[in-house]
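Analysis of the macromolecular model
As a plain string of letters, each chain reads:
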Amino acid sequence: MIKLIASDLDGTLLQNGAQKLTDRAVRLIHELTLRGVHFIAASGRQYDNERRLFDAIKDEISYIGENGSLCVHNGQVISRGTIEDSLALRIMQEVKKENHFEIAVSREDACFIENNNPDFVNHIVHVMRNTTQIVDDVTKLDGPILKIAICNMIDGPHIVDKYLKYLKDMFCSEINVVTSGNIWIDFIAPGANKGSALQKLIDLLGIAPEECVAFGDQYNDVEMLQLAGTSYAMSNAAPGISYYADYVTDSVEDVLEDILADLP
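First, a word on scope: everything that follows refers to the structure included in this document. (Residues numbered from 1 in each chain as written. Predicted model: local features only at pLDDT ≥ 70, side-chain atom pairs only at ≥ 80, totals over all residues. Heavy atoms only, no water.)

1. Observations regarding the nonpolar core
Core analysis: the largest hydrophobic core is formed by 51 residues, its most contacted members being Ile5, Leu13 and Phe54. Per element, the largest residue contribution to this core is five residues, and it comes from helix 8 (residues 252-262). Discounting chain neighbours no more than four positions away, the residues touching leucine 13 are Ser7, Asp8, Leu21, Ala25, Ile29, Phe39, Phe54 and Val252. One finds Ala110, Phe112, Tyr163 and Ala192 within the second-largest nonpolar core, a separate group that totals 30 residues. (Core = buried A, V, L, I, M, F, W, Y, C linked by side-chain atoms within 4.5 Å. Buried < 20%, exposed > 50% of the residue type's maximum accessible area, 1.4 Å probe, protein only. Helix = DSSP H or I, 4+ residues; strand = E, 2+ residues; numbered from the N terminus. Contact = heavy atoms within 4.5 Å.)

This is how it looks when you write it as structure tokens:
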């Protein structure tokens, strides 16, 4: 029997750039939790952002934030991953050499950005509605840092893919470097990913991986898809993601509806 469902948000539960859950999604998740199924929002987003997104049912679910660097259950942090300060500094210094890439640094208290690109600032503050602090220089921040995300809003996915390969060649021995959307590249704390965070949570809850369902669309979802007994890649997922999943779907909500209907 299915006891836990973990879903990525952007590009998965949230489609076409949506920044709000549908009423149907909220209803289905609420009904699943009432039937004893744990629901986990598993995202590259910050924890504060995730709770705002799920406001109507925010205390009914658990959260994996910052691509696995933070896992929160019943308001308590059950796992946390951080990037060593000197490594974070080297990453940010390297990215600052490249034009058109903006940096967002995640700590547990806020997301930190610089005021270089008005479109980027607007996206972080007003579209995504992150808890944000604007600073003069992100390289001067004190840790602990949970995640570094970089974004190119100008050149398009082909430039992001090219730069991803360059960054992987430079840093992959020290940190996981993955796409987190068409214009985003994330540096995830060593040893942290959505799969490792989910493992901590299911261990806490006494749930077997075979009793879990997971949904995702990007390479930051791979470990979570591999862990779950049943996994779904979105039909519009990044190339190759379906290889790591059992099924492909156009709609998380449709699958949730089916799971709910099959519960005893």
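2. Focus: the pattern of salt bridges
Considering all chains together, one arrives at 20 salt bridges under this definition. Ionic pairing is found between lysine 194 and aspartate 8, a salt bridge with its closest N-O pair at 2.9 Å. With a gap of 186 residues between them, lysine 194 in helix 6 (residues 194-205) and aspartate 8 in the loop between strand 1 (4-7) and helix 1 (23-34) connect regions that are remote in the sequence. There is no split in this pair, since lysine 194 and aspartate 8 are both buried. The partner of arginine 27 in a salt bridge is glutamate 31, with the nearest N and O atoms 3.5 Å apart. With arginine 27 and glutamate 31 both in helix 1, this residue pair falls four residues apart, about one helical turn. (Salt bridge = Lys/Arg side-chain N within 4 Å of Asp/Glu carboxyl O.)

3. Points about the environment of asparagine 193
Within the element layout of this structure, asparagine 193 appears in the loop between strand 11 (184-188) and helix 6. Distance in space between the C-alpha atoms of asparagine 193 and glutamate 211 is 20 Å, their sequence separation being 18 residues. Apart from the residues lying within four places of it in its own chain, the contact partners of asparagine 193 are Asn67, Gly68, Ile188 and Glu223. Polar contacts involving the side chain of asparagine 193 include one to the main-chain amide nitrogen of glycine 195, which spans 2.8 Å. Polar contacts involving the side chain of asparagine 193 include one to the main-chain amide nitrogen of serine 196, which spans 2.7 Å. (Polar contact = N/O pair within 3.5 Å; in protein donor to acceptor, adjacent residues only side chain to side chain.)

4. Comments concerning the pairing of strand 10 (residues 176-179)
Two elements, strand 10 and strand 11, share four bridges in a ladder whose sense is antiparallel. Within strand 11, the residue paired with threonine 179 across the bridge is isoleucine 185. The antiparallel hairpin formed by strand 10 and strand 11 contains four residues in its connecting segment, where glycine 181 sits at a positive phi of about 130°. (Pairing = 2+ DSSP bridges.)

5. Re the packing of helix 1 against helix 8
The geometry of helix 1 relative to helix 8 is characterised by a closest axis approach of 10 Å and an angle of 30° between their N-to-C directions. In terms of orientation, helix 1 and helix 8 fall into the roughly parallel class. In this structure, helix 1 meets helix 8 at a crossing whose hand is left-handed. Two secondary-structure elements touch here, helix 1 through Arg24, Ala25, Arg27, Leu28, Ile29, Glu31 and Leu32 and helix 8 through Glu253, Asp254, Leu256, Glu257, Ile259 and Leu260. (Axes fitted to C-alpha atoms, helices over the stretch in contact; angles between N-to-C directions. Parallel < 35°, antiparallel > 145°, perpendicular 65-115°, else oblique. Left-handed = near helix turned anticlockwise from the far one by under 90°.)

6. Some details on the sheet that holds strand 7 (residues 111-113)
Ordered by their spatial adjacency, six strands build an open sheet running 8-7-6-9-11-10, and the pairing between neighbours is mixed. Of all strands in the sheet, those bounded by a partner on one side alone are strand 8 (132-134) and strand 10. Averaged over all neighbouring strand pairs, the angle between strand axes comes to 25°, with direction disregarded. As judged from the two bridges shared by strand 6 (residues 102-106) and strand 7, these two strands associate in the antiparallel manner. Directly across from serine 106, in strand 7, lies its bridge partner cysteine 111. Where helix 4 (residues 118-127) meets the sheet, it contacts strand 6, strand 7, strand 8, strand 9 (147-151) and strand 11, and its direction lies at approximately 165° from that of strand 7.

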